[in-house]
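Observations on the model geometry
Take a look at the letters that make up each chain.
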Amino acid sequence: MSYLAPAGTPVALSDIAHGLLNARTGSTASQEVAQAVELLTGTSRAWPVSSGRAAMTAILTAMRETASDQGRTEVVIPAYTCYSVPAAIGRAGLAPRLCDSDPDTLGIDIEQLQRRDFSRTLAVVSSNLYGLPDDLPAIEAICRERGVFFLDDAAQALGAHISDRFAGTFGDAGLYSFDKGKVISTIQGGVIICNRGALAERLETIAGAFPAPSALEVTSIILRLGVYSVFLKPRLYPLIKAIPFTGLGETVFCAEYPITRLSAFQSAVATRLLRRLEHFQAGRRRNAAALRQALQDCPALQPIRVAEQTVPSYVRYPVRVRNPRKRSLILNALTRAGVGATTSYPLSLADVPEVRAQVPHADLECPGARELAASILTLPTHAYCPPDTAAHVRKVIDQCTT
Ligand SMILES: *Cc1c(COP(=O)(O)O)cnc(C)c1O
C-alpha cells in the first residue's frame, strides 16, 4: 500500500546533514537564507523567523507602530484563508475583519473590498492559496488609493508570479512560510520581506529583537525533519499517517506559538532547498498541468480560474466539486486509491467560533467563502507523484460519480 501525501517537499538526508554541519555559524546561516530570498524575489530586505505566523505578527506590529492614525486597529482578510491569519492578527493586538472570498479565483472578493468602509482599517491581507496568486495588482491599487497597508501573505506562494512580479512582493510587506505543506519545508519557518523605508526599519528592530529558538525546540525540529524526509515517500507515508498524534492535515485555531528567529539549522537547510526551488516548481507546475488537462472536461468538477500572466506555484492543485454533497464520496474514493486529496480548511472564518466571536455581524455574511469551504478539493502535485497520477485521479472520480 502506498499513499501520496497531500503536499510536501523532498528533503534529502544530505540536506539535514548539511544543516547540522553548518548550524554552528548562526548569523551567517541566517544571512544566507535572507540573501537567497532577497535575490529570488527582488526584495531589498528579508528576515527569517520561526513561522509564517510569527512573520505576520511582526509585520502587523510594525504597521501598527508606524501608522499615522493610531485609531486604525482592524485588519481586513479574506473569509476563506488559513486559520493562522486571524490568530496572528490577535497576537499583534489587532482585530480581524472579514471580506468575502471569490469562489471562482479563491482570492478576496475585489468588488466587495472596493466597497468597504476603511475608516478603521490598518491593513488588508491577501491569501494566495495553494500558490495561486490573488489579483494582487488590484488589491495593491485599492490599498494605495485608500491609504491602508497591504500585507501580501504568500505563505503558500513562494516563487509564484504575475508577469515579472512575485507573490509576496506586492504592497508594503510580505511573507513566506516553510511549514510542512508549503513550497519548501523546514517543518516550521517563515520569512518576512519588505522594501519600504520606515516599515523596513521598524521590522529590523522588531525581528532583530526576536530571541533565538531554544536548544529543545531545535532538537525537536531536527528529529521531525528527519521523519518528514523519510516518511513523505509514498511507500512509507501510510505508516506515519496511521499515527494519530502527528496531527497531520488538521486545521485548528491556535494563538499560542513561539515567535523566535529561524534556527541556524533550518536556515542552512532552507538555503539548500531554495537552490532547488526552480526544480521543485517545474515539477509541481508539470503535475498541475497534467491534472488540469485530465480533469478539464470532468463533469463532477469545476476548475479554478487563473488570470492571464499569472504563474502559480501550485503547492497543491485545487478544484471545486460542482455538487458539494458528492465531495466526501470523491474524497473517500481518492483516499482509498492512495491519493492524498483534502478538503482543505473545513470552514469559512465566519464559522470558526474564535473568529466569529470577534467580528461584527455584517462580516458574517460570506456566501463565497462558505461555498468554497463546502466545495474545495485539493490534489497533490509534489515530486513523489508518479507520472500517471492525473489519469488515475480522473478514473477514480469518474468511477465514483457515475
Ligand atoms: C500556512 C499559512 C500561514 C501561516 O504560516 P505558518 O508558517 O504555518 O505559521 C499564513 N497564511 C497562509 C495563507 C498560510 O497558508
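Residue numbers run consecutively from 1 along every chain, following the written order of its sequence. Local features are withheld for residues below a pLDDT of 70 in this predicted model, meaning they are given only at 70 or higher, and side-chain atom pairs are given and counted only at 80 or more; totals for whole chains, interfaces and linings count all residues. Derived side-chain values reflect all non-hydrogen atoms in the structure, with water molecules and hydrogen atoms excluded from consideration.

1. Focus: the overall build of the chain
Numbering goes from the N terminus for both helices and strands, where a helix is a DSSP run of H or I of at least four residues and a strand is a run of E of at least two. Check the secondary structure of the chain and you find 15 helices and 13 strands. By the compact-globule yardstick of 21 Å for 402 residues, the chain fits well, its C-alpha radius of gyration being 20 Å. The principal-axis extent of the C-alpha atoms belonging to the chain is close to 60 × 55 × 40 Å. For the exposure calls, accessible area comes from a 1.4 Å probe over protein chains only, and a residue counts as buried if that area is under 20% of its type's maximum, exposed if over 50%, partly exposed in between. Scored against the burial criterion, the 402 residues of the chain give a buried share of 56%. Nonlocal contacts in the chain, meaning residues at least 24 apart in sequence, comprise 76% of its contacts between residues at least 6 apart. Calculation of accessible area relied on Shrake-Rupley with a 1.4 Å probe; when residues are assessed, cover is drawn exclusively from the protein chains displayed. When the accessible surface of the chain is summed, it comes to about 16700 Å², and 54% of that surface belongs to carbon and sulfur atoms. A residue counts as positive if it is Lys or Arg and as negative if it is Asp or Glu; His and the chain ends are not included. Working definition for charges: the position is that of NZ of Lys, CZ of Arg, CG of Asp or CD of Glu. The distance from the centre of the 41 positive side-chain charges to the centre of the 36 negative ones in the chain is 7 Å. In this description the radius of gyration comes from C-alpha coordinates, and the expected globular size is given by 2.2 Å times residues to the power 0.38. Residues count as neighbours in contact if any of their non-hydrogen atoms are within 4.5 Å of one another.

2. Remarks on the nonpolar core
The definition of a nonpolar core used throughout is a set of buried Ala, Val, Leu, Ile, Met, Phe, Trp, Tyr and Cys residues joined through side-chain atoms within 4.5 Å. Judged by nonpolar contacts, the single largest core of 131 residues is most densely connected at L60, M63, I184 and L334. Element by element, the count of residues in this core is highest for helix α3 (residues 52-66), at eight residues.

3. Here we look at the sheet that holds strand β5 (residues 149-153)
Whether two strands pair depends on DSSP finding at least two bridges between them. Taking strand neighbours across the sheet as the criterion, the seven strands line up as β1-β9-β8-β5-β4-β2-β3 in an open arrangement whose pairing is mixed. One side of each edge strand has no neighbouring strand; the edge strands of this open sheet are β1 (45-49) and β3 (95-99). Direction aside, neighbouring strands of the sheet carry axes that sit 25° apart on average. One ladder, built from five bridges, connects strand β8 (residues 173-177) with strand β9 (residues 190-194); its direction is antiparallel. Counted as the bridge partner of G174 is I193 from β9. Note on definitions: angles span 0 to 180 degrees between N-to-C directions of axes, and those axes are lines fitted to C-alpha atoms, for helices only across the stretch in contact. Contacts from helix α4 (residues 84-91) reach β2 (74-78), β3, β4 (121-125) and β5, with the element oriented near 175° to β2. Against the sheet, helix α7 (residues 197-208) contacts β1, β5, β8 and β9, and its axis sits at roughly 25° relative to β1.

4. Let's talk about the pairing of β2
For β2, the tally of buried residues reaches five of five residues, placing the bulk of the element in the interior. On β2, burial covers both faces: E74, V76 and P78 on one face and V75 and I77 on the other are all buried. Here β2 runs beside β3; their pairing, made up of five bridges, is parallel. Looking at β3, one finds that V76 is bridged to R97. Note on the crossover from β2 through α4 to β3: the handedness is right-handed. The sheet contact formed by β2 and β4 spans three bridges and is parallel. From the neighbouring strand, V75 faces β4, where its bridge partner is A123. Note on handedness: a clockwise path from strand one over the helix to strand two, with the strands aimed away from the viewer, defines a right-handed crossover.

5. Details of helix α15 (residues 389-401)
With 13 residues, α15 should cover 18 Å at 1.5 Å per step; its first-to-last C-alpha distance of 18 Å lies within 8% of that length. Taken together, the buried positions of α15 are T389, A390, V393, R394, V396, I397, C400 and T401. Angularly, the buried residues of α15 cover 165° about the axis, an arc narrow enough to put them on a single face. For α15, exposure combined with an orientation more than 90 degrees from the buried face picks out A391, K395 and Q399. Given the number of residues in a helix, its expected span is that number minus one, multiplied by 1.5 Å. An arc is given here, and it is the one of the directions from the helix axis to the C-beta atoms.

6. Observations regarding helix α12 (residues 327-336)
Residues of α12 that are buried: R327, I330, L331, A333 and L334. Seen along its axis, α12 keeps its buried residues to an arc of 165°; they face one direction. Considering only its buried residues, α12 is in contact with β12 (317-321), α14 (367-375), β13 (376-379) and α15. One or two residues past the end of α12 sits G338, with phi positive at roughly 85°.

7. Considerations on the packing of aromatic side chains
We call Phe, Tyr and Trp rings a pair once their centres come within 6.5 Å, taking the six-membered ring for Trp, and we label the pair stacked below 30 degrees between planes, edge-to-face above 60, and tilted otherwise. On inspection of all chains with the given rule, the structure shows four aromatic pairs. Through successive ring pairs, a cluster of aromatic residues spans Y80, Y83 and Y345. Of note, R53 hangs over the ring of Y257, and the distance from its end group to the ring centre comes to 5.1 Å. Any Lys NZ or Arg CZ found within 6 Å of a ring centre and within 35 degrees of that ring's normal is scored as a charge over the ring.

8. A closer look at the environment of T61
By the secondary structure assignment, T61 is in helix α3. Each C-alpha atom, one on T61 and one on I89, is 8.9 Å from the other, the two residues being 28 residues apart in sequence. Not counting residues up to four positions away in its chain, the partners in contact with T61 are A92 and I206.

9. Focus on the packing of helix α11 (residues 277-295) against α15
Taken N-terminus to C-terminus, the directions of α11 and α15 make an angle of 35°; their axes are 8 Å apart at the nearest point. Here α11 runs over α15; the crossing is right-handed. Counted together, A290, L291, A294 and L295 of α11 and A390, A391, V393, R394 and I397 of α15 form the full contact between these two elements. For this classification, Asp, Glu, Lys and Arg are treated as charged, while Ala, Val, Leu, Ile, Met, Phe, Trp, Tyr, Cys and Pro are nonpolar and the rest, including Gly, are polar. Each residue belonging to the contact of α11 with α15 can be placed in one class, and the counts come to eight nonpolar, no polar and one charged. Here a crossing is taken to be left-handed if its near helix is turned anticlockwise relative to the far helix by less than a right angle, and right-handed if that turn runs clockwise.

10. Points about the pattern of salt bridges
The salt bridge definition used is simple: a Lys or Arg side-chain nitrogen within 4 Å of an Asp or Glu carboxyl oxygen. Within this structure, the stated rule accounts for 20 salt bridges. Salt-bridge contacts for D69 lead to R72; the nearest nitrogen and oxygen are separated by 3.6 Å. The partner of D351 in a salt bridge is R356, and the shortest N-O contact between them spans 3.5 Å. Its relative accessible area of 38% is what places R356 among the partly exposed residues. One salt-bridge network, in which partners are shared between bridges, spans E74, R97, R116, R120 and D363.

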